[in-house]
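# Remarks on the overall topology
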Amino acid sequence: MTPQDYDVIVIGAGSTGEVVADRAVKGGLTAVVVEAERVGGDCSYWACMPSKALLRPLHALADARAVAGARAAVTSPPDIAAILHRRNAFTAHWDDAGQVRWLTEQKIDLVRGFARLAGERRVEVLSESGERMLTARHAVAICTGSTAAIPPIPGLAEARPWTSREATSASTAPPRLVILGGGVVACEMATAWSQLGSQSVTIVQRGPRLIPGNEPFAGEALRAALEQGGVRVLTDANTSRVERRGDGTVRLTLESGETIEADEVLVATGRAPRTERLGLESVGLKPGSWLDVDDSMRVEGVAAGWLYAAGDVNHRALLTHMGKYQARICGDTIAARAAGRPEAEAKTAWTRYTASANLHAVPQVIFTDPEIAAVGLTEAQARQRGMNVRSVDYNIGHVAGASLYADKYRGQARMVVDEQRHVIVGMTLVGKAVGELIHAGTVAIVGEVPLDRLWHAVPSYPTISEVWLRLLETYGL
């Protein structure tokens, strides 16, 4: 094989890999992306876009039914065929031609095939047409993301379970769906398929509550809403065995002795890194492991500092928008170092190449009904870090804009205040449309805006954003 040289080789053409390559090229470097599946990755075809395309029409119907005057006009159930067709359109019918065209327009080369590290700055690509060797003059960036983790429950792997991929791309609703897990994927897919044709949806969660990484009141509100919508929620429930029978149905046996019959079982119990077949052993790393990185996304423990990892694969924040954030830093850093900019002599200028938000200001929206939007730390997480904090709660339904948005609006807001620095370190919102409010909390946390200064950021009336004023008043300002 004759090696082909590039300044930067990016392994993985998901949203993170695309951005790394784009920023490197904009920084004056040449770049190639290697991808074994579709350009665009999970977010475009099996995660963010299709899942939200399934959920948005259901939220629109619920919003209309929550307002007198509009409620009477909603007399039919959702058009499931139209929702699925719209979902398919958002995935470009699982055709990546448009994203391939974007790479070409940005002057980024694409090589299709499975990539493996083959030593320092060398990447071997295996495809149906044979083998190919690529060499990076400056850096290799691993952006392979994560995959659904299948827990070692007897019979589960053999039962051919759904993962998030099947759940977001299915063309028909399983009559009976059991979901293992109580996190974001589990709750969003329970919300979707319980309204898109499944007669029975059951969540089996090992822990005591749903979305355990969030404030407890958020999980409680979500559980109440799911159960009101007909979803059965089992917490503190462990599955001891799963069996796919000859007729295609699935039987789950719980440790309690209860059995549950289903047509499909969805595994939503966490994620695992896509690094098993990457040849990590050739550079002294363990195959199948998460990749530890510094704040510039450079992989730790690799001599000469040429290997980077951005997105899910470094396990810092497994969210598309955080992967893109890391990718911007990663691509810019590679370009800056390649240009020989004096990193050690100009630390102030290099702060833009340092990731910090993925450690303390990670925003996330769970697109259930109600929506859950959060950024930063929960009260418990802040106290675990030794902070002296105070939580301030407010009923969002008491805000004029919320009462206009929906009759009998139900929701809750919490801000977690660091009493020593007098800044917000966490924000959680529960209610309709709160996902559009959370960026204000992100700005306040990232900017470390003092509360007495935040008091002068006057929210528009009558909007739900006025909850900010009410929280500050409740705090005592």
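A few points on the structure. (Residues numbered from 1 in each chain as written. Predicted model: local features only at pLDDT ≥ 70, side-chain atom pairs only at ≥ 80, totals over all residues. Heavy atoms only, no water.)

### Quick word on the overall build of the protein
Under the convention used in this document: Numbering goes from the N terminus for both helices and strands, where a helix is a DSSP run of H or I of at least four residues and a strand is a run of E of at least two. C-alpha atoms define the radius of gyration in this analysis, and the globule rule sets the expected value at 2.2 Å times the number of residues to the power 0.38. Contact criterion: two residues are considered in contact whenever any of their non-hydrogen atoms come within 4.5 Å of each other. Accessible surface is estimated by sampling points in the Shrake-Rupley manner with a 1.4 Å probe; for residues, cover comes only from the protein chains shown. Under the convention used here, Asp and Glu are negative, Lys and Arg are positive, and both His and the chain ends fall outside the count. Working definition for charges: the position is that of NZ of Lys, CZ of Arg, CG of Asp or CD of Glu.
Helices and strands together make up the secondary structure of the protein, namely 15 helices and 21 strands. Expected size for 477 residues packed as a compact globule is a radius of gyration near 23 Å; at 24 Å, the protein falls within 12% of this value. The principal-axis extents of the C-alpha atoms in the protein amount to approximately 70 × 65 × 45 Å. The contacts of the protein with a sequence gap of at least 6 include a subset with a gap of at least 24, amounting to 64%. Entry remark: accessible area of the protein is about 21300 Å², with carbon and sulfur atoms responsible for 50%. Computed over 50 positive and 53 negative side-chain charges, the separation of the two mean positions in the protein equals 1 Å.

### A closer look at the packing of helix 3 (residues 48-65) against helix 7 (residues 184-193)
Defined as follows: Here the axes come from fitting lines to C-alpha atoms, over the contacting stretch only for helices, and the angles between their N-to-C directions go from 0 to 180 degrees. The labels follow the angle: roughly parallel below 35 degrees, roughly antiparallel above 145, roughly perpendicular from 65 to 115, and oblique for the rest. Crossing chirality is assigned from the near helix's rotation relative to the far helix, an anticlockwise turn below a right angle marking it left-handed and a clockwise turn marking it right-handed. Any residue that is not Ala, Val, Leu, Ile, Met, Phe, Trp, Tyr, Cys, Pro, Asp, Glu, Lys or Arg is counted as polar, Gly included; the first ten are nonpolar and the last four charged.
Between helix 3 and helix 7, the shortest axis-to-axis distance is 9 Å and the interhelical angle comes to 50°. As judged from the angle between their axes, helix 3 and helix 7 are oblique. Where helix 3 crosses over helix 7, the two elements pack in a sense that is left-handed. For the pair helix 3 and helix 7, the contacting residues are S51, K52, L54, L55 and L58 in the first and E188, M189, T191, A192 and W193 in the second. Considering only residue class, the contact of helix 3 with helix 7 consists of six nonpolar, two polar and two charged.

### Notes on the sheet that holds strand 10 (residues 232-234)
In any sheet, the strands associate via hydrogen bonds between backbone groups, in a parallel or an antiparallel arrangement. Filter applied, for reference: Here a strand pair is declared whenever DSSP counts at least two bridges between the two strands.
The strand order 10-9-8-14 describes an open sheet built from four strands, whose pairing is parallel. Strands at the two margins of the open sheet, each flanked by one partner only, are strand 10 and strand 14 (264-267). Neighbour-to-neighbour, the strand axes of this sheet turn through a mean angle of 15°, independent of strand direction. Here five bridges tie strand 8 (residues 176-180) to strand 9 (residues 200-204), and the two strands are oriented parallel to one another. The residue of strand 9 that forms the bridge with L180 is V204.

### Thoughts on the packing of aromatic side chains
Just so we agree on the cut-off: Pairing of aromatic rings covers Phe, Tyr and the six-membered ring of Trp, with a centre-to-centre limit of 6.5 Å; geometry is then stacked below 30 degrees between planes, edge-to-face above 60, and tilted otherwise. Only when the NZ atom of a Lys or the CZ atom of an Arg is both within 6 Å of the ring centre and within 35 degrees of the ring normal do we say a charge sits over the ring.
Summed over all chains, the structure comprises two aromatic pairs. The aromatic ring of W46 is capped on one face by R165, whose charged end is 3.7 Å from the ring centroid.

### Regarding the sheet that holds strand 17 (residues 363-366)
Pairing within the open sheet is antiparallel, and its five strands lie in the order 17-18-21-20-19. The sheet is open, and its two borders are formed by strand 17 and strand 19 (389-395), each paired with just one other strand. Across the sheet, the mean angle from the axis of one strand to that of its neighbour is 10°, orientation sign disregarded. Bridge count between strand 20 (residues 412-418) and strand 21 (residues 423-431): seven bridges; the pairing is antiparallel. Residue pairing for strand 21: M415 is matched across the bridge by M427. Strand contacts of helix 8 (residues 216-228): strand 18 (371-376), strand 20 and strand 21, with the helix running at about 10° to strand 21, the strand carrying the most contacts.

### Some details on the side chain of Q205
Its place among the elements puts Q205 in the loop between strand 9 and helix 8. Once residues within four sequence positions are removed from consideration, Q205 is found in contact with G181, G182, L210, P212, L234, T235, D236 and A237.

### Re the pairing of strand 13 (residues 259-262)
This is how it is decided: Only protein chains enter the accessibility calculation, which uses a 1.4 Å probe; a residue is then buried when its area is under 20% of its type maximum, exposed when over 50%, and partly exposed in between.
Residues I260 and A262 of strand 13 are buried on one face, while the alternating residues T259 and E261, pointing to the opposite face, are not. Inspection of the sheet shows strand 12 (residues 250-254) paired to strand 13 by four bridges, in the antiparallel sense. Bridge pairing in strand 13 places V250 opposite A262. As consecutive antiparallel partners, strand 12 and strand 13 are separated by four residues, and within that stretch G257 has a phi angle of approximately 100°, a positive value.

### Some words on unusual backbone geometry
With omega at 15°, the peptide bond leading from D369 into P370 counts as cis. Structurally, P370 is set in the loop between strand 17 and strand 18. Here the amide bond leading from Y461 into P462 is cis, since omega sits at -5°, within 30 degrees of zero. By the secondary structure assignment, P462 is in the loop between helix 14 (451-454) and helix 15 (467-475). Residue A92 is not a glycine yet carries a positive backbone phi of 55°. Along the chain, the position of A92 falls in the loop between helix 4 (80-90) and helix 5 (97-105).

### Some remarks on the state of the cysteines
Convention followed: We call a pair of cysteine sulfur atoms a disulfide when they lie within 2.5 Å.
On inspection of all chains with the given rule, the structure shows zero disulfides. Between C187, a cysteine without a disulfide, and C48, which holds the nearest cysteine sulfur, the sulfur-to-sulfur distance is 16 Å.

### Topic: the nonpolar core
What counts, and what does not: Remark: nonpolar core denotes a set of buried residues (Ala, Val, Leu, Ile, Met, Phe, Trp, Tyr, Cys) joined through side-chain atoms within 4.5 Å.
Counting residues in hydrophobic clusters, the biggest one holds 88 residues, and the most contacted among them are L117, I142 and L307. Residue contributions to this core peak at seven residues, all from helix 9 (residues 320-338). When near neighbours in sequence (up to four residues on either side) are disregarded, I142 contacts I11, L117, L278, L280, L291, L307, Y308, A309, A310 and V313.

### What to know about the pattern of salt bridges
Definition in use: When a carboxyl oxygen of Asp or Glu is within 4 Å of a side-chain nitrogen of Lys or Arg, the pair counts as a salt bridge.
Using the criterion set out here, one finds 29 salt bridges in the structure. Of the charged contacts in the structure, one is a salt bridge between D7 and R137, with a shortest N-O distance of 2.8 Å. You can see D7 sitting in strand 1 (residues 4-11) and its partner R137 sitting in strand 6 (residues 130-142), a full 130 residues away along the chain. What makes R137 partly exposed here is its relative accessible area of 42%.

### Quick look at the layout of surface pockets
Unoccupied space between atoms shows up once a probe the size of one water molecule is rolled over them. Keep this limit in mind: Using only the protein atoms, space was sampled on a 1 Å grid; points where a 1.4 Å probe fits but cannot get out form cavities, open sets with protein on both sides within 12 Å along at least five of seven lines form pockets, and lining residues are those with an atom within 4 Å of a point. Grid points are joined across faces, edges and corners, and a volume is the space filled by probe spheres set on the points.
Each pocket or cavity is described by its volume, and for the second largest pocket that value is around 1000 Å³. Here the lining of the second largest pocket gets seven residues from one element, more than from any other, and that element is helix 8. Among the residues forming the lining of the second largest pocket, the class breakdown is 17 nonpolar, nine polar and six charged.

### Overview of the side chain of E35
Note the cut-off: A 3.5 Å cut-off defines polar contacts: any pair of N or O atoms within that distance qualifies, except that in protein one atom must be a possible hydrogen donor and the other a possible acceptor, and neighbouring residues in sequence count only when both atoms are side-chain atoms.
Mapped onto the elements of the fold, E35 is located in strand 2 (residues 31-35). Of the polar contacts made by the side chain of E35, one reaches the backbone nitrogen of A13; its length is 2.7 Å. At a separation of 2.7 Å, a polar atom in the side chain of E35 contacts the main-chain amide nitrogen of E37. The contacts of E35, once residues within four sequence positions are left out, are G12, A13, G14, L110, V111, R112 and G113.

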